[in-house]
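# Understanding the architecture of this molecule
The primary structure of each chain is shown beneath.
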Amino acid sequence: MRRRYGKTLSALVVVGAIVLVAFLAFYFWSDVFRTKLNTAARDFSEWTPDNIAKDPVNYLNFCEDQTTKAMTSLKASEIAIGQNRAKLVGMKEDAENKVGVGEKALGELKTIYLQSEEKATWPAEWRGETRDKDWVKRQIVALHNQCDGQKKLVSKIAVGVRQLDAQALKAQEGRAKAQEQLAEITTNREMLKVQKLTADLTERLVSMKGALQATLSTATEATGVISLEQLAREETVFTDSSAFDKIMGTSNAQTRPR
C-alpha cells in the first residue's frame, strides 16, 4: 500500500514537471498565447472597467488610499518648497547688501583715482590706509566684477523664487483636487450602499480613474526645485586695463596728467 502510494506520488510529480515544462515552452514559443496570458494577468492586476464593475467597493478603497498618499506627498512638497524659498530669499537679501556695500566702496575708490590722477598725488589714502595707483586700479576692477556677479545672483534668485511660487500654487491646486476626489469617493461609496451598480455609477467610477491618475501625476512630478548649488558662482578677481578704463568711463588720453 505504501509502495503503491509512493509510486503514484512520483508519477504525479513527473507529470507535473512535464506539464510545467510544456507550458513554459509553449509560453515562449507562441506569441499569441503569451500575449493573451499577459493581457489576462494585467487585467486581473489593474483596475480595468470590467474589474471596477465587478468589485466597486475595493476599487473605491484603492482610490481613497492612493488619493490620501498623493495628499501627503503634496503637503510634503509644499513644506520643502517653503523651506527652499526662505533660503533663496535670505540669499537674495545677503547679495543685495553686498551690492550696496560694494558700490559704496567702488564709488569712493573711483573718486580717489580720478582726483589723484588729476593732481598727481599718488599714493592715495583710502579708509586709513595708504594705497598706490596699481592697488587702487586692481581694487576697482575687483569690486566692479564682484558687484556685477552679486547683481546677476539677485536676478537668478528672483527667477528661482518665482518658480517656487508657481510650484507651491500647483501643489495647492493638487491638494484641492485630491480633496474633491475624496468627497467623490465618499459619495460613490454611499450610493453603492443604497443601490445596485448602475451604468451611470459605473461610468462615474471609471472616470474617477483618470482624475486619480492626474492627481498622482501632480504629486510625483519633478518639481524642479532650484538648488542653492545651481545659484552659486565663483568670483575671479583680476586686473584688466581695458576693463578698468571701461568701468571708469575714461581713456589714457583723458586721465593723463596735464
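Thresholds applied
- Residues numbered from 1 in each chain as written.
- Predicted model: local features only at pLDDT ≥ 70, side-chain atom pairs only at ≥ 80, totals over all residues.
- Heavy atoms only, no water.
- Helix = DSSP H or I, 4+ residues; strand = E, 2+ residues; numbered from the N terminus.
- Areas by Shrake-Rupley, 256 points an atom, 1.4 Å probe, with all protein chains shown as cover.
- Buried < 20%, exposed > 50% of the residue type's maximum accessible area, 1.4 Å probe, protein only.
- Arc of directions from axis to C-beta.
- Salt bridge = Lys/Arg side-chain N within 4 Å of Asp/Glu carboxyl O.
- Expected span 1.5 Å × (residues − 1).
- Contact = heavy atoms within 4.5 Å.
- Core = buried A, V, L, I, M, F, W, Y, C linked by side-chain atoms within 4.5 Å.
- pLDDT = per-residue confidence, 0-100.
- Phe/Tyr/Trp six-rings, centres within 6.5 Å; stacked < 30°, edge-to-face > 60°.
- Lys NZ or Arg CZ within 6 Å of the ring centre and 35° of its normal.

## Comments concerning the overall build of the protein
When you go through the protein residue by residue, the secondary structure sums to nine helices and two strands. The linear arrangement of helices and strands in the protein, starting from the amino end, is α-α-α-α-β-β-α-α-α-α-α. When the accessible area of the protein is evaluated, it comes to approximately 17100 Å², of which 56% is carbon and sulfur surface.

## Quick word on helix α8 (residues 241-248)
Within the span of α8, buried status applies to F244, I247 and M248. Seen along its axis, α8 keeps its buried residues to an arc of 90 degrees; they face one direction. Phi turns positive one or two residues past the end of α8, at G249, with a value near 70 degrees.

## Side note on the pattern of salt bridges
Under the counting rule described, the total for this entry stands at ten salt bridges. A salt bridge links K98 to D94; the shortest N-O distance between them is 3.3 Å. Of this pair, K98 and D94 both sit in helix α4 (residues 56-119), four residues apart, roughly one helical turn. We classify K98 as partly exposed; its relative accessible area is 43%. With a shortest N-O distance of 3.1 Å, E117 and K133 are connected by a salt bridge. One end of the pair, E117, is in helix α4; the other, K133, is in helix α5 (residues 133-194), and 16 residues separate them in sequence.

## Quick word on α4
Under the 1.5 Å per step criterion, the end-to-end length of α4 is 93 Å for 64 residues, consistent within 8% with the ideal 94 Å. Immediately downstream of α4, the backbone of A120 shows phi near 55 degrees, a positive value.

## Some words on unusual backbone geometry
Put simply, W122 and P123 share a cis peptide bond, and its omega is -5 degrees. A positive phi angle, close to 55 degrees, is found at A120, a residue other than glycine. With respect to the element layout, A120 can be found in the loop between α4 and β1 (124-126). You can call A120 exposed: its relative accessible area is 54%.

## Observations concerning the side chain of E78
Following the sequence through the fold, E78 ends up in helix α4. In contact with E78, other than residues within four places in its own chain, are A171, Q172 and R175.

## A word on the nonpolar core
Formed by 15 residues in total, the largest nonpolar core has its most connected members in L109, Y113, W126, V136, I140 and F244. Looking at this core, the elements with two or more residues in it are α4, β1, α5 and α8. Other than its neighbours up to four places away in sequence, F244 contacts Y113, K137, I140 and V141. Residues I52, L60, I185 and L192 belong to the second largest nonpolar core, which totals twelve residues.

## A word on the confidence of the model for the protein
Mean pLDDT over the protein stands at 78; residues scoring 70 or higher make up 67%. Counted against residues more than four places away or in other chains, residues 233-238, with its pLDDT under 50, gives ten contacts.

## A look at the packing of aromatic side chains
Pairs of aromatic rings are described using the distance from one ring centre to the other and the angle between the two planes. Inspection of every chain in the model, using the stated rule, returns two aromatic pairs. Seen from their ring centres, Y113 and W122 are 5.7 Å apart, and the 55 degrees between their planes marks the pair as tilted. Centre to centre, the rings of W126 and W135 are 6.0 Å apart; their planes meet at 45 degrees, and the pair counts as tilted. Note on W126: relative accessible area 14%, which makes it buried. Residue placement shows R131 over the ring face of W135; its charged tip is 4.1 Å from the ring centre.

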